[in-house]
Amino acid sequence: MSKITMTHHAVERKWQRRISQGMIKKTIREPDGKKHEADGDTQFHKIINGRKVHVVAHPQRNGDWLIKTVWVDGEADPNPLWKLLVQVGVSLYRR
C-alpha cells in the first residue's frame, strides 16, 4: 500500500474545505476517474457522500504519492472563523 504525503498547501486546503484524510485516500485508491497532467501530476476524482472530491498528486519514485491540493467540485471555499468574527466585530463597531 502506497504512502500519502501532503504539501503544506494541501493540508491547509484539506482543513479549509472539510475534506478528511480518509476521503483523500479513498479518492486516490478507488477513483471514479483520473487524468494525467502534462507536468506529471495526476488528478483523481471520486464522489463521496454526494461531494465530488478532487485530489492532485504527484507520483514518487517509490510508489508513494505527494498530495499537492484538494477541493470539492462546485463548493466555494468557506470563510474561516476568524474572518467571520472580524466581520461581526466591524459591523458591531459601526453601529
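Residues numbered from 1 in each chain as written. Predicted model: local features only at pLDDT ≥ 70, side-chain atom pairs only at ≥ 80, totals over all residues. Heavy atoms only, no water.

### Focus: the sheet that holds strand β1 (residues 4–6)
Stage number 1. Here five strands make up an open sheet; going across it, the order is β1-β5-β4-β3-β2 and the pairing mixed. Taken across any chain shown, the strands that pair with only one partner, and hence form the sheet edges, are β1 and β2 (33–36). This sheet shows a mean twist of 30 degrees between the axes of neighbouring strands, independent of strand direction.
Stage number 2. On top of the sheet, helix α1 (residues 8–16) reaches β1 and β5 (65–72); it is set at about 30 degrees to β5, its chief contact.
Stage number 3. Strands in contact with helix α2 (residues 21–29) are β1, β3 (42–48), β4 (51–59) and β5; relative to β3, the strand with the most contacts, it is inclined by about 115 degrees. (Pairing = 2+ DSSP bridges. Helix = DSSP H or I, 4+ residues; strand = E, 2+ residues; numbered from the N terminus. Axes fitted to C-alpha atoms, helices over the stretch in contact; angles between N-to-C directions. Contact = heavy atoms within 4.5 Å.)

### Focus: unusual backbone geometry
Stage number 1. Its identity is not glycine, yet arginine 18 carries a phi of approximately 55 degrees, on the positive side.
Stage number 2. For arginine 18, the location among the structural elements is in the loop between α1 and α2.
Stage number 3. Relative accessible area serves as the criterion here: at 57%, arginine 18 is assigned to the exposed category.
Stage number 4. You will see that asparagine 49, though not glycine, has its phi angle at about 50 degrees, which is positive.
Stage number 5. With respect to the helices and strands, the residue asparagine 49 is situated in the loop between β3 and β4. (Buried < 20%, exposed > 50% of the residue type's maximum accessible area, 1.4 Å probe, protein only.)

### Describing the pattern of salt bridges
Stage number 1. Overall, the coordinates contain four salt bridges when judged by the stated rule.
Stage number 2. One salt bridge in this structure joins aspartate 32 and lysine 46, with 3.3 Å as the shortest N-O distance. With a gap of 14 residues between them, aspartate 32 in the loop between α2 and β2 and lysine 46 in strand β3 connect regions that are remote in the sequence. (Salt bridge = Lys/Arg side-chain N within 4 Å of Asp/Glu carboxyl O.)

### Focus on the pairing of β4
Stage number 1. Pairing of β3 with β4 involves seven bridges; the strand directions are antiparallel. Bridge pairing in β4 places threonine 42 opposite alanine 57.
Stage number 2. Hairpin connection of β3 to β4: two residues between the antiparallel strands, including asparagine 49 at a positive phi of 50 degrees.
Stage number 3. Alignment of β4 against β5, held across seven bridges, turns out to be antiparallel. For valine 53, the partnering residue across the bridge sits in β5 and is valine 72.

### Some words on the packing of aromatic side chains
Stage number 1. Under the defined criterion, the tally for this structure stands at one aromatic pair.
Stage number 2. Seen from their ring centres, phenylalanine 44 and tryptophan 65 are 5.2 Å apart, and the 90 degrees between their planes marks the pair as edge-to-face. Residue phenylalanine 44 is found in strand β3, and its partner tryptophan 65 is found in strand β5; the two are separated by 21 residues along the sequence. Like tryptophan 65, phenylalanine 44 is buried. (Phe/Tyr/Trp six-rings, centres within 6.5 Å; stacked < 30°, edge-to-face > 60°.)

Scope: geometric values only; no functional claims are made or implied.
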